[in-house]
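Residue-level listing of the chains:
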Amino acid sequence: MEEESTSAESNTPSERIKLNVGGKLFETTLTTLHTGGPDSLLFALSNRRTSDPNPVFIDRDPEIFSVLLSLLRTSHLPSSARRFSKHELADEALFYGIDAHLRAATAPPPFSGIDAALAASIRPASEGLPSSFAAADSGAVWIAHGGQISGYDSNLTHAATVRTHLDDIDSICRVWPEIAAVGCKSDAGLHFYNFSGSRHVGSVHWTDPSDPRIFKARVNATTASENSVFASFDCPHRENCILEVDKEKLQIVTQLARQSGNQAKNMVPGKLTWMPATGVLVGSAVAGGAFGYSGYIRLWDPRSGEVVWETNEPGSGRSSRFGDSFADVDADVEGLLLFKLCSKSGDLAMADMRFLKEDPWVYLKEKNPSLVSYGGEVSNSVVHCYRGQVFVARDGGLEVWSRVDSGDVGVQSESDAEGFYRRNFVDKREDSERGVIKKIEGGGDRLFVSREDVEGIEVWESSHSAGAISVL
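Remember, it's a predicted structure, so these values are computed and weren't measured experimentally.

Q: So, the overall build of the protein: which residues are in play, and what are the values?
A: A count of helices and strands for the protein gives 7 helices and 31 strands. Expressed as a percentage of the 472 residues in the protein, the buried residues total 51%. In the protein, the proportion of contacts linking residues at least 24 apart, taken out of those at least 6 apart, comes to 52%. Only carbon and sulfur atoms are counted for the fraction: they give 48% of the accessible area of the protein, which is about 21,800 Å².

As structure tokens, this is what we get:
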């Protein structure tokens, strides 16, 4: 009787247990099975009576189980894992209740631009030319192609595709984990789609019954705060504004930055960034033509609707680089910094948002003579700030300016800036020949890049994970 009442409580961690998975026998220890955690199926199986001579039978794939068992033993995936897609591994790990272990083992390391390499390319099944995309903190991404949005999870596995009523999508913003806000420069309104239900859940339009010029207002740029979505709209009659939309109710909260006219200083913002630390909205507009580039950068306080700082280029002679207008602009949300890429010299300049003034720009200098000169007029450029790094695309080439840790000190002069950032190339020459870079966005420990007239988007990760299992 005493022998029959013996249970897992009396089992020692080093005791061995046999499992029959799909007809193949495995032998391991209770310690290994307990590694899966108390909520896992394997942990529950370890609680069976050890006096039972028959191994537990599990009707699953034995080859994948071998990979997952090795994962529990070493916390790393064996080389044999390359035979299976991440989707196959994820399904089996979910069955055994050890999906968190698999995510930890397959997640890329902290992203560093100076140690990055092309890890994968994501190509939607149909209409593969991406018009826009939005990355998530988890490393997942939504890709707009044609009038569709394809979602890929943190394993870069296709999760769902939503067909919208739009013929094309020019801007996409992640409102909630399953809600996307999309806009199109050829169709009116800001539209919200639910990924889980593959359905349209609402739309917002800029209207003004007292002004007949406000009709068919199209979205140019979007960004989101904790509670709101901000979208810039423009009309055929050169009227434009920014609308703040409540994320819960999908209703307009307020209108700000309304302006009209054909001058560069009155253009609709083409890029918006929310700065949560200061509660201000950064907007910029850039136009290029036969006489060079022109545009503006403005900071709005949505609470008052007022502009708290702005600069226009070409200016009225205030700038130390008069005539060298910016070709692109971006804001470093964590570092509270603004960056602009000069259109003629190709120089990268920065401004500390804590010390904004009439001419706040300081210009980053490259001291390494071994790096190829980037001087000269910029024809196609993109600037994107992510995790204290500034990524700059010049045509098809990609470079990173990495911040040197020097404490929380404001940058107010050229000498301050010189020691703050160092420049390196991210890509190889053959990478830069794939096409002109159109958009860059960071998400999780990845950098996503799209190129002009190239199907799909590139996924860049730190180089020692670039050999991870490719699922696409």
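Q: Any details on the sheet that holds strand 6 (residues 141-145)? Residues and values, ideally.
A: Strands belonging to one sheet form pairs held by backbone hydrogen bonds; the direction of such a pair is parallel or antiparallel. Across the sheet, 4 strands lie side by side as 5-6-7-8; this open sheet has antiparallel pairing. Every other strand in the sheet has two partners, leaving strand 5 (130-135) and strand 8 (158-163) as the edge strands with one partner each. Pairs of neighbouring strands in the sheet enclose a mean axial angle of 20°, with direction left out of account. Summarising the sheet, strand 7 (residues 148-152) and strand 8 pair through 5 bridges and their orientation is antiparallel. Residue pairing for strand 8: Ser150 is matched across the bridge by Thr161.

Q: Tell me what's going on with the side chain of Ser325, and back it up with residues and numbers.
A: When you line up the elements, Ser325 lands in the loop between strand 20 (306-313) and strand 21 (326-332). The exposure class of Ser325 is buried, given its relative accessible area of 3%. Within polar-contact distance, the side chain of Ser325 engages the backbone oxygen of Tyr293 at 3.1 Å. Ser325 has contacts with Tyr293, Glu313, Pro314, Leu341, Cys342 and Ser343, leaving out every residue within four places of it along the chain.

Q: Give a detailed account of the pattern of salt bridges, specifying residues and quantitative values.
A: Scanning the entire structure with this criterion turns up 25 salt bridges. Notably, a salt bridge pairs Arg434 with Glu458, separated by 2.9 Å at the nearest N-O pair. With a gap of 24 residues between them, Arg434 in the loop between helix 7 (429-432) and strand 29 (437-443) and Glu458 in strand 31 (residues 457-462) connect regions that are remote in the sequence. On the basis of relative accessibility, which here comes to 32%, the residue Arg434 falls in the partly exposed class. Linked through salt bridges whose partners overlap, the residues forming this network are Asp208, Asp211, Arg213, Glu239 and Arg258.

Q: Describe helix 4 (residues 86-96), with residues and values.
A: Where helix 4 is concerned, the buried positions are Lys86, Leu89, Glu92, Ala93 and Tyr96. Buried residues of helix 4 fall within an arc of 135° about the axis and therefore sit on the same side.

Q: Which residues make up helix 3 (residues 62-74), and what values do they have?
A: Across its 13 residues, helix 3 extends 18 Å between first and last C-alpha, which sits within 8% of the 18 Å expected from 1.5 Å per residue. Listed as buried for helix 3 are Pro62, Ile64, Phe65, Val67, Leu68, Leu69, Ser70, Leu71 and Leu72. Turning to helix 3, the residues buried within the fold contact strand 1 (16-21), strand 2 (24-29), helix 1 (30-34), helix 2 (41-45), helix 4 and helix 5 (99-106). Two to three positions downstream of the cap, the backbone nitrogen of Glu63 sits 2.8 Å from a side-chain oxygen, assigning the N-cap of helix 3 to Asp61. Note on helix 3: the residue one or two positions beyond its end, Ser75, has a positive phi of about 65°.

Q: Hey, could you go over unusual backbone geometry for me, with residue numbers and the actual values?
A: With an omega of -5°, the peptide bond running from Glu313 to Pro314 counts as cis. Relative to the helices and strands, Pro314 resides in the loop between strand 20 and strand 21. Positioned with a positive phi, Ser198 is a non-glycine residue whose angle comes to about 50°. Mapped onto the elements, Ser198 comes out in the loop between strand 11 (187-194) and strand 12 (199-204).

Q: Provide a residue-level description of the state of the cysteines, including the pertinent values.
A: Taken as a whole and judged by the stated rule, the model has 0 disulfides. Lacking any disulfide linkage, Cys235 is separated from the closest cysteine sulfur, that of Cys241, by 7.6 Å.

Analysis parameters
Residue numbering note: each chain is counted from 1, following its sequence as written. Local features in this predicted model are restricted to residues of pLDDT 70 or higher, and side-chain atom pairs are both shown and tallied only at a pLDDT of 80 or more, whereas totals for entire chains, interfaces and linings draw on every residue. Hydrogens and water molecules were not included; the side-chain quantities draw on all heavy atoms of the structure. The helix and strand labels rest on DSSP assignments: H or I over at least four residues marks a helix, E over at least two residues marks a strand, and numbering proceeds from the N terminus. Partly exposed describes any residue whose relative accessible area lies between the buried limit of under 20% and the exposed limit of over 50%, with all areas from a 1.4 Å probe on protein chains only and scaled to the type maximum. We call two residues contacting when some pair of their heavy atoms lies within 4.5 Å. Using the Shrake-Rupley algorithm and a 1.4 Å probe, accessible areas are obtained, with residue cover drawn only from the displayed protein chains. Pairing between strands is defined by DSSP: at least two bridges between the two strands are required. As a rule, the C-alpha atoms of each element are fitted with a line to give its axis, helices using only the stretch in contact, and angles between N-to-C directions run from 0 to 180 degrees. Side-chain atoms alone can form a polar contact between residues adjacent in sequence; in general such a contact is a pair of N or O atoms within 3.5 Å, and within protein one must be able to donate a hydrogen while the other accepts it. Whenever Lys or Arg places a side-chain nitrogen within 4 Å of a carboxyl oxygen from Asp or Glu, that contact is recorded as a salt bridge. Of all possible arcs, the one meant is that of the directions from the helix axis to the C-beta atoms. How far a helix is expected to stretch is found by multiplying one less than its residue total by 1.5 Å. When two cysteine sulfur atoms lie within 2.5 Å, the pair is treated as a disulfide.

Interpretation in functional terms is not warranted from these geometric data alone.
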